[in-house]
Structure formats: C-alpha cells, structure tokens
Amino acid sequence: MAYQTINPFNNETVKTFPTLTDDEIKNLVNQADACYKQWRKTDFATRRKVMKKAASILRDKKAEFARLVTLEMGKLIAEAEGEVDLTADIFDYYADNAEQFLAPEKLTPSDGRKAYVEHDSVGIILCVEPWNFPYYQLVRVAATNLMTGNVVMVKHASIVPQCAAAFEKLLLDAGAPKGAYTNLYASTDQVSKLITDRRIRGVAVTGSEKAGSVVAGKAGESLKKSTMELGGSDAFIVLEDADLDKAVQWGLWGRMNNTGQCCVAAKRFIVVEAIADKFLERLKECFSKLTMGDPMDRSTTLGPLSSESAAKDLAAQTAEAIKHGAKAVIGGKRPDRPGAFMEATILTNITKDNPVFYKEFFGPVAMFFRVPDEKAAIELANDSEFGLGGSVFSQDIERAKRVASQIDTGMVFINRPTWTTPDLPFGGVKHSGYGRELAKDGILEFANRKLIYIEN
Ligand code: NAP
C-alpha cells in the first residue's frame, strides 16, 4: 500500500510519501548494521540518556505528537495525548530498569563450577507495526531493543507515515545515532526480502493474524526468531455478583476506547442470565449517548475509524452478522455523513453458525452473549481462535481469580478491561500470537541469553 496521510474525519488526502527503492533499503540496512557494531558497545548510561531525552521531548511536544495521530488515524485527541504520555512512560521505564533486567544471572551448576547467563545483543531487529497506537506500538520495540544494544528497522502501517517519521526524528533528536532506529517506507514484498538478510536477527510483528502468519512464515524459513502480537476477541465476563455500575462503565470504555480499535478491546460481552437484561439495557443507553464528530474536538466521544476501508469492512461484517440472524439492538450501519464513521453497535443473537462468531470486530461493534452461569461463561470465552486478553467482573475476588485461571488467554484483568502499563507483560496465545512485549519479559525476547561457564 502507498504511504499516505488521509484524514479519516473527511477522507481528504493530506500528503503522500514515496515507497523506498530497493537500493535505498540496502543503504539503510548497511547504515543500521554499521550503527549496531558501535551501539552494542555503548554502556547503559549512554543508552539511558537517549531514552530519558526521548521521554522528555515527547512530554514537551505532546500536543504536536498527538495532533499527528488524530490527523492520520482519527483517534480522539485526548486519547492521542494519553498515548503520548504512555509512550514517554515506557521510555522512562526501560531507562530506569533495563540494566537491572539485563544483569548477569548467576547459576549454580551441579558440578560445582561457576556459571552465569549474560544478556547480550543480537543485531538488527525488523519490526512490522500497526496504526492503532502509532507511537505506543513503536516504543514497545524501540526502548527494549535499544536498551539491549540491538538496533531496529521499522515498517510502520502505511496510513500513519507522519507518525512513523516523527518517531524516527524523536530518537535522532534524543541523541540516538543514525541507524539505531530506522523508519522504512517499505512495501510488504520488500519486508519479505529484508527478512532473508543475514544481518536481520529477529522479527517482531504487531498486526492482524493474516500479516502475522505471512511474516512469521518468512521468518521461520530464514530461521529468525519472531514475536507475534496479533488480533484478539477478548471476552468481557460479567458474573451475577458483579458491581453493575462498574461493569457497565468499564464495558463502555473497554469497547469504545480508540473507537473500538484495540487488540485488547472488550469484543465479546458474556453476561450471566441473572444480570444480562439490566447490563444490556445500561450498555445500550451508554452507547446511545456517544457523540459522533471531529476527533480534534474535545466534545466528541465517537470519532471515525482509521480509514474509509476499515469503516466499509466493519459495516460489511456487521451486515453479514445480521444476515445470519444477529440482531442489532442499537446501531448496525454507517451513519449518513462523510468520513470513516460507523454507528456504535451492539449485536445479540449471534449463534455459533454465524460466520462472524469467531471473527474480530475491529471498531465500535460489541457482540453480546447471555449465558446461564459461570461455567458456560468460561466455555464460551474459550471458544475462540484468539487468546489475547479478557476480563472478569465479580465482587468476589477469589471467585474471579478462579475464573481467570480457566481462561485460555495471555492476560486476564479482574474488574476492569485488559489494559497496558510499562511494567505488565503483554501478549497472547493461540492465534493471538506468541512472545511478550513490555515489562522484563519484553526486553528478554531479543536478548542473547548467553551462558558463560568457568572450568576453573
Ligand atoms: P495489519 O493489516 O496486519 O497491518 C499491520 C502491519 O502489518 C502494517 O504495517 C501492515 O502494512 C503490515 N502488513 C500487512 N500485511 C503484511 C505482509 N504480508 N507483510 C509484511 N507486512 C504486512 O493490521 P491492522 O489492520 O493495521 O491492525 C489491526 C490488527 O492488529 C488487529 O487484528 C489487532 O487486533 C492487531 N493488534 C494487535 C496488537 C497486539 O499487541 N496483540 C496490538 C495492536 C493491534 P500496511 O499498512 O502497509 O498494509
């Protein structure tokens, strides 16, 4: 896809960027490789300084960074500012903790000798990233790898080229040498070719199942380690003893944050019969109060989707669900206005033979299921190809913990939707991918855990 900024609020093309030529990519890989040879030898203090500076630039220029996000993919401006803050926090987190995370680990071999594992760099990490959190997705791979001594080359989503360039400039302005972080306006074919370059030592993807399986396949053929952060269809389980006010408020946020375009959004509401009518009525009321409009306007609570094609696809998926027996108790179609908008929608009566049953709705469309009891809730939650996040609402924390333990996903949050902070490991199982980003787990993914053994 061509790299271009199209404002999804009005579908106007703002700016187009040329895709790199093969020769330009070759030169950038040479530059990254040359940089790696120096960067891997830098000490933690040098790396830390770059991270800290990047965090402070982001905070100083929050409005500027946030505006680009809203312009390119339509995120509500206050949420875009929140993303800039979170990105800065992640830079700070790894600046403060990477040295401790990567410290040598002493071993006690049974032969009585001395041994330890040190955490070394591996080389260039190629990253493929999505548009839904245009900076947060990048910092997850940049801060971890740069602190380890790796360098990164990043193919960002083609609809957020200005955010991609702004992030590269941020790191240069923060003092990173040229080649430490490289933005690539590359085609998917060029990415496939690049994976085979022997200097690329790892591949990290965040995106759809489809992109993940293609890139993971290429990485596998070249024997490159990969991490995959893919889609999800998180269950939001409400048990009969839940605090209803809290569950409804979090349900609204969990589905509508980022206009529903979160991998860990609450996508399947699974509510125990005893509380189902009340919950549905209240969630519907909350959805009905959302105000559609310009995402730059702070009074807007339902912005456009990231692109016209995203809105078209979501509307088609919703129509397909309805054609096969689902009922839209609110919304269900696109509104009669320009821009990439979709109505806030709740679908009920989704049976297992409905083609959307196992699909991810990436936007403001909630699937609602009523179940007789806790056991049925767990079964339905696990009846999914995905296994990213999920949540359980109950005032009995021990009960909620027992339910959480039985859900086959990488993350379960009790009494709130799945979310992210720098110090919580993030990732999934099943078709949601493998590997972890953030926290200590995230920084170890592309570190060489090298054993040193001492005979005497
Ligand atoms: P997408 O279409 O897979 O795009 C993600 C990235 O992959 C983009 O940079 C895209 O480039 C690139 N890409 C697509 N096909 C490729 C291929 N064959 N080879 C190389 N690169 C390829 O996903 P999306 O629709 O933008 O993002 C939404 C998806 O990401 C959802 O499924 C969501 O759940 C998931 N997601 C997961 C996480 C997580 O941490 N688990 C976080 C956020 C989002 P172009 O833009 O040029 O097509």
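Residues numbered from 1 in each chain as written. Predicted model: local features only at pLDDT ≥ 70, side-chain atom pairs only at ≥ 80, totals over all residues. Heavy atoms only, no water.

Draft legend 1. Focus on the domain arrangement of the protein. You can read the domains of the protein as domain 1 (3-230 + 432-454) and domain 2 (234-421). Each of domain 1 and domain 2 has a C-alpha centre, and these two points are 30 Å apart. Across the interface of domain 1 and domain 2, roughly 2400 Å² is buried in total on both sides, 59% from carbon and sulfur atoms. If you sort the residues of domain 1 by the area they bury against domain 2, Phe 9, Leu 76 and Ser 432 come out on top, with a joint share of 26%. Among the ionic pairs, Arg 298 bridges to Glu 81, the shortest N-O distance being 2.6 Å. At the boundary of domain 1 with domain 2, the tally comes to eleven residue pairs in polar contact (both at pLDDT 80 or more). Contributing elements (two or more residues each) for the side of domain 1 that touches domain 2: α3 (62-73) and α4 (77-101). For the side of domain 1 that touches domain 2, the per-class residue count stands at 14 nonpolar, six polar and seven charged. (Domains from an automatic or database assignment. Buried area = accessible area lost by both parts, 1.4 Å probe. Salt bridge = Lys/Arg side-chain N within 4 Å of Asp/Glu carboxyl O. Polar contact = N/O pair within 3.5 Å; in protein donor to acceptor, adjacent residues only side chain to side chain. Helix = DSSP H or I, 4+ residues; strand = E, 2+ residues; numbered from the N terminus. Nonpolar A, V, L, I, M, F, W, Y, C, P; charged D, E, K, R; others polar.)

Draft legend 2. Here's a closer look at the nonpolar core. In this structure, Phe 91, Tyr 94, Tyr 135, Met 153, Phe 167 and Leu 171 are the most contacted members of the largest nonpolar core, which totals 96 residues. Looking at this core element by element, the count peaks at twelve residues for α4. Counting contributing residues per domain, this core is built from domain 1 (3-230 + 432-454) and domain 2 (234-421), each supplying no fewer than three. With residues near it in sequence (within four places) discarded, Phe 91 still touches Met 51, Ala 54, Ala 55, Leu 58, Val 139, Ala 143, Phe 167, Leu 170 and Leu 171. (Core = buried A, V, L, I, M, F, W, Y, C linked by side-chain atoms within 4.5 Å. Buried < 20%, exposed > 50% of the residue type's maximum accessible area, 1.4 Å probe, protein only. Contact = heavy atoms within 4.5 Å.)

Draft legend 3. Quick look at helix α10 (residues 273-288). Taking 1.5 Å of rise per residue, 16 residues should cover 22 Å, and α10 covers 23 Å from first to last C-alpha, within 8% of that figure. The complete set of buried residues in α10 reads Ile 275, Ala 276, Phe 279, Leu 280, Leu 283 and Phe 287. Residues of α10 that are buried in the fold lie against β10 (234-238), α9 (244-256), β11 (266-272), β12 (327-330), β13 (345-348) and β14 (365-371). (Expected span 1.5 Å × (residues − 1).)

Draft legend 4. A look at the packing of aromatic side chains. Counting across every chain of the model gives 20 aromatic pairs. Measuring from ring centre to ring centre gives 5.4 Å for Trp 250 and Trp 253, while their planes differ by 85 degrees; the resulting arrangement is edge-to-face. Placement of the pair is Trp 250 and Trp 253 together in helix α9, with a separation of three residues, close to one helical turn. Among the residues examined, Trp 253 registers a relative accessible area of 29% and is labelled partly exposed. An angle of 80 degrees between the planes, with centres 5.1 Å apart, marks the rings of Trp 253 and Trp 419 as edge-to-face. Of this pair, Trp 253 sits in helix α9 while Trp 419 sits in the loop between β17 (413-414) and β18 (429-430), and the two are 166 residues apart along the sequence. Through a chain of ring-to-ring contacts, three or more aromatic side chains come together here, namely Phe 133, Tyr 136, Trp 250, Trp 253 and Trp 419. (Phe/Tyr/Trp six-rings, centres within 6.5 Å; stacked < 30°, edge-to-face > 60°.)

Draft legend 5. The arrangement of a nonpolar patch on the surface in detail. On the surface, a cluster of nonpolar side chains totalling about 270 Å² of accessible area is made up of Leu 107, Leu 451 and Tyr 453. Along the chain, the position of Leu 107 falls in strand β3 (residues 105-107). Since its relative accessible area comes to 32%, Leu 107 is described here as partly exposed. (Patch = residues over 30% accessible without salt bridge, like charges linked within 9 Å, V, L, I, M, F, W, Y side chains within 5 Å. Areas by Shrake-Rupley, 256 points an atom, 1.4 Å probe, with all protein chains shown as cover.)

Draft legend 6. Region of the structure containing the environment of Ala 400. Its location among the elements puts Ala 400 in helix α13 (residues 397-405). Along the sequence, Ala 400 and Ile 414 sit 14 residues apart, while their C-alpha atoms lie 6.6 Å from each other.

Draft legend 7. Up close: the pairing of β13. Alternating positions in β13 separate into two faces, Thr 345 and Leu 347 on one and Ile 346 and Thr 348 on the other, with burial throughout. Taken together, the three bridges between β12 and β13 define a ladder with antiparallel strand orientation. Note on β13: the bridge partner recorded for Lys 327 is Thr 348. Relative to β14, β13 is paired through three bridges, and the arrangement is parallel. (Pairing = 2+ DSSP bridges.)

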